[in-house]
Every structure is written in structure tokens, then in C-alpha cells.
Amino acid sequence: MCCWRLWVALFLAVPAAAAHAQDETNGVPAGLLNHLKTGVNITRWFCYHEDPNDTDHFTHYLKPEDFRTFTRLKLGFVRLCISPEIGFDASTGQRTQSQPMIDSGVRRLTGANLAVLYDLHDNGQLKLDQAGGDKRAFVNFWEVTARHFKGQNEGLLVFELLNEPQFLKNPADWYALQEQTVQAIRAIDPSRTIVVTGTGWGGIDTLAKMTPLPQTNLVYSYHCYDPFFFTHQGATWAGEQVKHFKSMPFPSSPEAVTAMLDKIETAYQGDVKWYGEQRYDEAYLKGRLNVAEAWGHANRVPVVLGEFG
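Within every chain, residues take consecutive numbers counted from 1 along the sequence as written. In keeping with the model being predicted, local features are shown solely for residues with a pLDDT of at least 70 and side-chain atom pairs are shown and tallied solely at 80 or more, while totals for entire chains, interfaces and linings include all residues. To get the side-chain values, take all heavy atoms of the structure and skip hydrogens and water.

Participant: Can you break down the overall build of the chain residue by residue, with the values?
Facilitator: Of regular secondary structure, the chain possesses 14 helices and ten strands. With the C-alpha coordinates of the chain rotated into their principal frame, the extents come out at 60 × 45 × 45 Å. Only protein chains enter the accessibility calculation, which uses a 1.4 Å probe; a residue is then buried when its area is under 20% of its type maximum, exposed when over 50%, and partly exposed in between. Taking all 309 residues of the chain together, 51% fall into the buried category. For the chain, the proportion of contacts with a sequence separation of at least 24, taken over those separated by at least 6, is 73%. Computed with a 1.4 Å probe, the accessible areas rest on the Shrake-Rupley method; for each residue, only the protein chains presented here act as cover. Counting only carbon and sulfur atoms, one obtains 53% of the accessible surface of the chain, whose full area is about 13800 Å². With 28 positive and 34 negative side-chain charges, the chain shows a spacing of 3 Å between the two charge centroids. The numbering of helices and of strands both runs from the N terminus, where a helix is a DSSP run of H or I of at least 4 residues and a strand a run of E of at least 2. When checking whether two residues touch, look at their non-hydrogen atoms; a contact exists if any pair is within 4.5 Å. Charge convention: Lys and Arg are scored as positive, Asp and Glu as negative, and His as well as the terminal groups of each chain are ignored. For this purpose, a charge sits on NZ of Lys, CZ of Arg, CG of Asp or CD of Glu.

Participant: Could you give an account of the pattern of salt bridges, naming the residues involved and the relevant values?
Facilitator: Any Lys or Arg side-chain nitrogen found within 4 Å of a carboxyl oxygen on Asp or Glu counts as a salt bridge. Using the criterion set out here, one finds ten salt bridges in the structure. The partner of Arg136 in a salt bridge is Glu143, with the nearest N and O atoms 2.4 Å apart. A residue is classified by how much of its surface remains accessible, and Glu143, at 15% relative accessible area, is buried. Linked through salt bridges whose partners overlap, the residues forming this network are Arg79, Asp119, Glu160 and Glu307.

Participant: Lay out the packing of helix H7 (residues 135-149) against helix H8 (residues 171-188) in plain terms, naming residues and giving numbers.
Facilitator: H8 packs onto H7 with a crossing angle of 25 degrees between their chain directions and a minimal axis gap of 9 Å. Judged by the angle between their axes, H7 and H8 are roughly parallel. Considering how the two elements wind past one another, H7 and H8 form a crossing that is right-handed. Contacts between H7 and H8 involve Lys135, Arg136, Phe138, Val139, Trp142, Glu143, Ala146 and Arg147 from the former and Trp174, Leu177, Gln180, Thr181, Ala184, Ile185 and Ile188 from the latter. Nonpolar residues are Ala, Val, Leu, Ile, Met, Phe, Trp, Tyr, Cys and Pro. Charged residues are Asp, Glu, Lys and Arg, and all others, Gly as well, are polar. Residue composition of the contact of H7 with H8, grouped by class: nine nonpolar, two polar and four charged. Each axis is a line fitted through C-alpha atoms, taken for helices only over the stretch in contact, and angles between the N-to-C directions span 0 to 180 degrees. In this scheme, roughly parallel covers angles under 35 degrees and roughly antiparallel covers those over 145, while 65 to 115 is roughly perpendicular and the rest are oblique. Two helices crossing with the near one rotated counterclockwise from the far one by less than a right angle form a left-handed crossing, whereas a clockwise rotation gives a right-handed crossing.

Participant: So, the nonpolar core: which residues are in play, and what are the values?
Facilitator: One recurring pattern in soluble globular proteins is that nonpolar side chains are buried together. Ranked by size, the top nonpolar core spans 60 residues in total, and within it Phe70, Leu109, Tyr118, Phe138 and Tyr220 carry the most contacts. The element best represented in this core is H7, accounting for seven residues. Here Tyr220 is in contact with Asn26, Val196, Leu207, Met210, Pro212, Leu213, Trp295, Val301, Pro302, Val303 and Val304, once residues within four sequence places are set aside. In these notes, a set of buried Ala, Val, Leu, Ile, Met, Phe, Trp, Tyr and Cys residues joined through side-chain atoms within 4.5 Å is what counts as a nonpolar core. Ala235, Val242, Phe245 and Tyr275 belong to the second-largest nonpolar core, a separate cluster that totals 13 residues.

See the structure below:
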């Protein structure tokens, strides 16, 4: 959702210290939880790149200065986004030409003492929530991946099953598939920590309604892009309205949006006025994040904010 090479800070909604004190670790190793406090998404290394055979790109994308930046920011982990075009093959599980370069990337990151969320970053390409979507291929991908990494970096390498599953009309299908996939991984690699999530693009409200899985050693992820008109202003992929928004203020108020009204098409002035009337501010945003934190405490599981913008 952004052109930065490294983007979106992450943190545990259930802080590691609190999780330890209240036994909310859900079996996640304490050392790993300590890593999962602050991190970044790496989105353009193995994701959003058109040529799956671009060896030079995959080999040289991260520079030494990037690792110095990780140290300066005191990062504990990265979310390594891997698009289906780069890492997924419906018949074999993994793309054989890409996997050695992904492996090298994982080694570089874990060698720098960074935990890695190995994220299958689907943006609808797999069509898992549509009739005919190849759910067996999805499970197969994770079985192959589990065999590939079995016994490697169990304290730093985490499997994140799927980026932002939608399943708006059939949420039960996702929860069944997610649990099936967790079981398949655990049958092969029983000690691996796994990131799971809710439907509806992995949002806060679906997390709040989610029933935790029976398995342990799971971290629950959610994404937050509230308020949407602010975080997605100018985006070309998120609906017609936000394409036309520029300089949306935060905090919002009727007074704060007045200057925008003369600069925007008449058709969208009502949306801008509505945004101002909501009076979005820091307290609102904290309240939204507190919903996820409260769910984690209530269910005694660690929760990670996987994307925030």
C-alpha cells in the first residue's frame, strides 16, 4: 500500500511483559515474544515485483545501510512479504527458482538477530474465498514450506499463513481452512510458531469476533488503517472516493476540513464534511487499538499489529 522499501511499524497489542506476567503467551516462546515488539514490513523484496526471475533484484535488494537502519530503529522483527507470484506454485508448493533466494534472505535477516514473519502475501490472487479457489494447493504450500524449514530457526522464523483473508460471505470457510493448515504444519514441524488472523482483511472488528484456535504457540494478527479516509487518501486501489482526497487532516473536525472543500469535486464534498464531523483524534485511534488488546487479554493470547498506516 506504499512505495517505501520498508514500511509500517508493528507492535504487540499484548506487551511481552504483560503476557508473561498473566500467562498470556499461549505457548509462544518468551524469547520470540521479546522480538515481536517493533518491526517493519518488507514489501518490495519478494512481493510487488513483476519479474520472478530477477535474480539481481532478489540478491541485492537489501543493502548494508538497511541493516544499519534496523539496528538504529531497534527493530526486533520484520514481516517478510512473499507474493504468490514469487513463492507459490499450485502443483509443487514452492517456486523452485525463487526459493533459494528467499532462503538467503531469511538467513540474512535471522543472522542479524531479527525474527522473520514469513508472510504469504496474497492480495486476492489465490481466490481462496471464491468458488473453485484451490484450497488444497494452499495447504500444500504450507506443508512443503514446513518440511523445507523444519528444525531451522524455530526461535526466529514464524509462519504467517495469509495476508488479509477476506471471506466476507463465508467466514467459516476461512476459519476451517486456517485450522486445517495449522494442523498440517504442526504434523510436520510441531514447534513452529504460527501467525493466524481473522477475516475481513484481518481487521480489528473481525478479530474481536474471532474464536481462538484450540492449538497453542499461535500469535494472532490484525491490521489497522483507521480512519480510512485519512490513511488511504489518494490511493487508486481502495475505491472511488479516496482517489480524490488530498491533504485530509488528522485530527479531524469540521473546521479542519473547511480548506479542502473548495479544492475537491462537488460529488465528494459530503464525504469530506462527514470525515470532519467524526472528530477523529488520538483517543479514537487508541480506542480502536484497545479493542484488539482487550481481546488478546480476554483470550490469553499474544496479539500483533501486522500493518498500521
